[in-house]
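Single-letter residue listing:
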Amino acid sequence: MKKKDLLKGIKAVLFDMDGTLVDSMWMWPQIDKEFLNSRGFEVPADLKDDIDGLSMWDDAIYFKKRFGFKDSEQELIDSWNQMALHHYENDTPLKPGAKEFLEYLKSKKTKRGLVTSNSLVLCEASLKANGVYDDFDTFVTSEDVKHGKPDPEGYLIAARELGVDPSECLVTEDLPAGITAARRAGMKVVSIEDDYSKRVEEEKKQMSDAFISDYRELIR
């Protein structure tokens, strides 16, 4: 299928945020390092593979179990939010063509949703800083789901809130876990180029209906 044909029959486009809509994945390895070092731990070599795509709540469960932290899950999430907030307010630009693509969807009356494993506070900070917060019809964050990606729950919630059948949804994602979640929800998927996930780029291409480096490729 040609990229421009992916929008045929689509009534809603659902965006992942980090690494997909905004360039933000670069900061998290540094935050993990600073956080663990402050508590006397080095970053394990397999940490990235273990937590990629997890919701913040599942991250917190993972950190408590692996490192023996006594903090509650919410206390850990609050710490990470505080460490990341400045970056989300200032250093998370939109991915190439994202603004134009959102404007195009709005002009076509195609519904727009955000489904992120991140927290609502960081989601709002980045979208408002980029001037696109009001371009979305619904938001599903880590606070809204019991099961994070690759579980399809978040995408199914968004489709239900938008009143659209999952088969009429197109998802944009940057990581295999998110692509799997969209596939399990019965949705089409476009994977987005991102430096953070370069090592799994071929896997992303094989899993998705198309692979793009600029959102304008979908509307040319």
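Quick note: structure is the one above.
The paragraphs below set out a description of the structure included in this document. (Residues numbered from 1 in each chain as written. Predicted model: local features only at pLDDT ≥ 70, side-chain atom pairs only at ≥ 80, totals over all residues. Heavy atoms only, no water.)

**Overview of the environment of Arg39**
The residue Arg39 is located in the loop between α1 (27–38) and α2 (47–51) in this model. Take Arg39: its relative accessible area is 30%, and that puts it in the partly exposed class. The contact partners of Arg39, leaving out residues within four places of it in the chain, are Phe69, Asp71 and Leu76. (Helix = DSSP H or I, 4+ residues; strand = E, 2+ residues; numbered from the N terminus. Buried < 20%, exposed > 50% of the residue type's maximum accessible area, 1.4 Å probe, protein only. Contact = heavy atoms within 4.5 Å.)

**Quick word on the nonpolar core**
Of all hydrophobic cores here, the largest spans 44 residues; its most connected members are Phe15, Leu21, Trp28, Phe63 and Trp80. Beyond its immediate chain neighbours, meaning those up to four positions away, Leu21 contacts Phe15, Asp16, Pro93, Leu94, Lys95, Ala98, Leu102, Leu114, Leu127, Phe136 and Tyr215. The next biggest cluster of nonpolar side chains, apart from the first, holds 19 residues, and it includes Val115, Ala159, Cys169 and Ile179. (Core = buried A, V, L, I, M, F, W, Y, C linked by side-chain atoms within 4.5 Å.)

**Here's the deal with the pattern of salt bridges**
Evaluated as defined, the whole model comprises 22 salt bridges. Residues Asp137 and Arg112 are paired through a salt bridge, measuring 3.8 Å at the closest nitrogen-oxygen approach. Of this pair, Asp137 sits in the loop between α6 (120–129) and β3 (138–140) while Arg112 sits in strand β2 (residues 111–115), placing them 25 residues apart in sequence. Across the pair Glu173 and Lys149 runs a salt bridge, and its minimum N-O distance is 2.8 Å. Placement of Glu173 in strand β4 (residues 169–173) and of Lys149 in the loop between β3 and α7 (153–162) is noted, with a sequence separation of 24 residues between them. (Salt bridge = Lys/Arg side-chain N within 4 Å of Asp/Glu carboxyl O.)

**Side note on helix α8 (residues 176–184)**
Within the sequence span of α8, burial applies to Pro176, Ala177, Gly178, Ile179, Ala181 and Ala182. Where α8 is buried, its residues meet α7, β4, β5 (188–192) and α9 (201–207).

**Focus: the sheet that holds β5**
What the six strands build is an open sheet, ordered β3-β2-β1-β4-β5-β6; its pairing is parallel. Looking at which strands have only one partner, the edges of the open sheet turn out to be β3 and β6 (210–212). Direction aside, neighbouring strands of the sheet carry axes that sit 25 degrees apart on average. Pairing of β5 with β6, which is carried by three bridges, proceeds in the parallel orientation. Counterpart to Ser191 in the pairing with β6 is Phe211. (Pairing = 2+ DSSP bridges. Axes fitted to C-alpha atoms, helices over the stretch in contact; angles between N-to-C directions.)

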